[in-house]
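Geometric and topological summary
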Number of protein chains: 2
Amino acid sequence: MRVLGVDPGLTRCGVGVVDVAPGRKAVLVHVSVIRTPPELALEERVVRIGRGIAELLDEHRPDVVALERVFAQHNVRTVMGTAQASGVAMYMAAERGLAVALHTPSEVKAAVTGYGAADKKQVGAMVARILGLDAPPSPADAADALAIAICHAWRGPAAIATPSGGTGLTPAQRAWAEAEKGSRRR
Amino acid sequence: MRVLGVDPGLTRCGVGVVDVAPGRKAVLVHVSVIRTPPELALEERVVRIGRGIAELLDEHRPDVVALERVFAQHNVRTVMGTAQASGVAMYMAAERGLAVALHTPSEVKAAVTGYGAADKKQVGAMVARILGLDAPPSPADAADALAIAICHAWRGPAAIATPSGGTGLTPAQRAWAEAEKGSRRR
């Protein structure tokens, strides 16, 4: 399963692609940060984020796009830009017929570190360990994007929200879900 | 000048197109509300909003898209969806090379009713009067979208935020800005 994880933001939008095999082994495919300068007009920033994500989707062809769920309660100063970036990221994915999944920050931290209130340093260290990297991906937005992708692959495709309300699994995804269930039982 | 006004929202996204001549006379071209059901997956709602706006842009070919500026402080419960819808609307416009302008709710109310704290009923009544309609457009999201479009045309293209930081006016827009200035002096 190839997952594009997105840590949405206008100034720094973390994007990470990982391949996760049924044995839960995760391999880094791509990680970067799409940046737009705050002095740019808002709509131009939104377009750059959208185009950056479109390029990644077309180049790496993930099976699913996982985003951090944005809450209005957090960081009121930046939350509007975060929500606008996440809206565009969702649009780019869903417009291509890709499944989109949302995970809360604590789900992501718990999946990667085993602890829902882990700090950024712990998340970065665990992402590096999981992917066999020499050092935590930097900046934190890049590490967070990878953590979101890993979280999604490990939590399984049941977390995918689909228009029909069903699980929206392809045959390959169903096979993977079964394999995942099996590996959890062990 | 043809303006598409957008009152962004996921459940109800008001969209209104008006033509405004240099003599400030405003003519209704189109008004509707793009609706998406709350039970639909978020990314599918975002796609439907984006496609709905794309259709309007391609059918009515506005010169500019004006949106209500969203504030995180207002309506915390719905503000994330509003921001996601506005992000997609901005993307659709800017991706087509159209100018995008943002106006605050009080700017819109002041432009249309002369009073920045006007209520929805007053805004609807003035929109109907300005456009020569028999009754206020309904629902309020439709009236608000038209009010945003009228506000933008009347405030003049100086309100357009452009990537370059300049006024980003086409020759036609510059001519119109001059005409607007002249009419204000009278």
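Our next topic: the overall build of chain A. What chain A contains, in helices and strands, is six helices and five strands. Along chain A, from the amino end to the carboxyl end, the secondary structure elements read β-β-β-α-β-α-β-α-α-α-α.

Between its first and last C-alpha atoms helix H1 (residues 42-60) of chain B spans 27 Å; for 19 residues at 1.5 Å apiece the expected length is 27 Å, and the two agree. Among the residues trailing H1 of chain B, Arg61 of chain B stands out with phi positive, at a value near 45°.

Quick look at the packing of aromatic side chains now. Considering all chains together, one arrives at one aromatic pair over all chains under this definition. Geometrically, the ring pair formed by Tyr91 of chain A and Tyr91 of chain B is tilted, given 6.4 Å between the ring centres and 45° between the ring planes. Note that Tyr91 of chain A is positioned in helix H2 (residues 76-95) and Tyr91 of chain B in helix H2 (residues 76-95), a pairing that runs across two chains. Considered together, Tyr91 of chain A and Tyr91 of chain B belong to a single accessibility category, that of buried residues. Over the ring of Trp154 of chain A we find Arg24 of chain A; its NZ or CZ atom is 4.5 Å from the centre of that ring.

Turning our attention to the pattern of salt bridges. Residue and element names in this part refer to chain A. Per the stated rule, a full pass over the model turns up 14 salt bridges over all chains. Arg96 is the salt-bridge partner of Asp58, the closest N and O atoms lying 3.0 Å from each other. In this pair, Asp58 sits in helix H1 (residues 42-60) while Arg96 sits in the loop between H2 and strand S5 (99-103), placing the two residues 38 residues apart along the sequence. For Asp58, a relative accessible area of 38% gives the class partly exposed. Ionic pairing is found between Glu107 and Arg155, a salt bridge with its closest N-O pair at 3.4 Å. Note that Glu107 is positioned in helix H3 (residues 105-113) and Arg155 in helix H5 (residues 140-155), a separation of 48 residues in sequence. It is possible to trace a salt-bridge network through shared partners that takes in Asp58, Glu95 and Arg96.

Overall, the coordinates contain zero disulfides over all chains when judged by the stated rule. Sulfur of Cys13 of chain A: no disulfide; nearest cysteine sulfur belongs to Cys151 of chain A and is 17 Å away.

Attention now moves to the sheet that holds strand S3 (residues 26-35) of chain A. Residues and elements named next belong to chain A. The five strands are arranged S3-S2-S1-S4-S5 in an open sheet whose pairing can be described as mixed. Looking at which strands have only one partner, the edges of the open sheet turn out to be S3 and S5. Strand-to-strand twist of the sheet, defined as the mean angle between neighbouring strand axes without regard to direction, takes the value 20°. The pairing of strand S4 (residues 64-68) with S5 spans five bridges and is classified as parallel.

All names here are of chain B. If you walk across this open sheet you meet the five strands as S3-S2-S1-S4-S5, and the pairing is mixed. With partners counted over all chains shown, the strands left at the sheet margins are strand S3 (26-35) and strand S5 (99-103), one partner each. The mean inter-strand angle of the sheet, taken between neighbouring strand axes irrespective of direction, is 20°. Contacts from H1 reach strand S1 (2-7), strand S2 (12-20), S3 and strand S4 (64-68), with the element oriented near 160° to S3.

Bringing the relation of the copies chain A and chain B into the picture now. If you rotate chain A by 180° and push it 0.0 Å along the axis, it lands on chain B with an RMSD of 0.0 Å. Interpreted geometrically, this transformation is the action of a two-fold axis. It is Gln84 of chain A whose C-alpha, among those of chain A, lies nearest the rotation axis, at 2.3 Å. When the interface residues of chain A are mapped onto chain B, 100% of them again fall at the interface, so both copies present the same face.

On the chain B side, the residues contacting the 31 residues of chain A number 31 residues. Of the roughly 2500 Å² buried between chain A and chain B, counting both surfaces, carbon and sulfur atoms make up 76%. Remark: the boundary between chain A and chain B carries zero salt bridges. Counting residues per element, the ones that place at least two in the side of chain A that touches chain B are H1, H2 and S5 of chain A.

So, on to the confidence of the model for chain A. As a general rule, the predicted coordinates of low-pLDDT regions are not to be interpreted in detail. Residue and element names in this part refer to chain A. For chain A, per-residue confidence averages 85 on the pLDDT scale, and residues scoring 70 or more make up 80% of the total. Under a pLDDT of 50 for its full length, residues 158-186 has, in the predicted model, 44 contacts with residues more than four places off or in other chains. Of the two predicted TM-score estimates for the complex, the pTM is 0.80 and the ipTM is 0.76.

Another point: the packing of helix H4 (residues 120-131) of chain B against helix H5 (residues 140-155) of chain B. Axis angle and axis distance: for two packed helices, these are the angle between their axes and the distance between the axes, and together they describe the pair. All names here are of chain B. Close contact between H4 and H5 brings their axes to 9 Å; oriented N to C, the two are set at 60°. In this view, H4 runs oblique relative to H5, as classed from their interaxial angle. Pair H4 / H5 crosses with left-handed handedness. Mapping the contact onto sequence places Lys120, Val123, Gly124, Val127, Ile130 and Leu131 in H4 and Ala140, Ala143, Asp144, Leu146, Ala147, Ile150 and Trp154 in H5. Residues of the contact of H4 with H5, tallied by class, amount to ten nonpolar, one polar and two charged.

Turning our eyes to something else, we now look at the side chain of Asp7 of chain A. Among the secondary structure elements, Asp7 of chain A is positioned in strand S1 (residues 2-7). Despite its burial, Asp7 of chain A pairs with no opposite charge; the closest candidate is Lys120 of chain A, at 5.3 Å N-O.

Conventions adopted
- Residues numbered from 1 in each chain as written.
- Chains lettered and ligands numbered in written order.
- Predicted model: local features only at pLDDT ≥ 70, side-chain atom pairs only at ≥ 80, totals over all residues.
- Heavy atoms only, no water.
- Helix = DSSP H or I, 4+ residues; strand = E, 2+ residues; numbered from the N terminus.
- Expected span 1.5 Å × (residues − 1).
- Phe/Tyr/Trp six-rings, centres within 6.5 Å; stacked < 30°, edge-to-face > 60°.
- Buried < 20%, exposed > 50% of the residue type's maximum accessible area, 1.4 Å probe, protein only.
- Lys NZ or Arg CZ within 6 Å of the ring centre and 35° of its normal.
- Salt bridge = Lys/Arg side-chain N within 4 Å of Asp/Glu carboxyl O.
- Disulfide = S-S within 2.5 Å.
- Pairing = 2+ DSSP bridges.
- Axes fitted to C-alpha atoms, helices over the stretch in contact; angles between N-to-C directions.
- Contact = heavy atoms within 4.5 Å.
- Least-squares fit on C-alpha atoms with pLDDT ≥ 70 in both.
- Buried area = accessible area lost by both parts, 1.4 Å probe.
- pLDDT = per-residue confidence, 0-100.
- Parallel < 35°, antiparallel > 145°, perpendicular 65-115°, else oblique.
- Left-handed = near helix turned anticlockwise from the far one by under 90°.
- Nonpolar A, V, L, I, M, F, W, Y, C, P; charged D, E, K, R; others polar.
- Lys, Arg positive; Asp, Glu negative; His and termini not counted.

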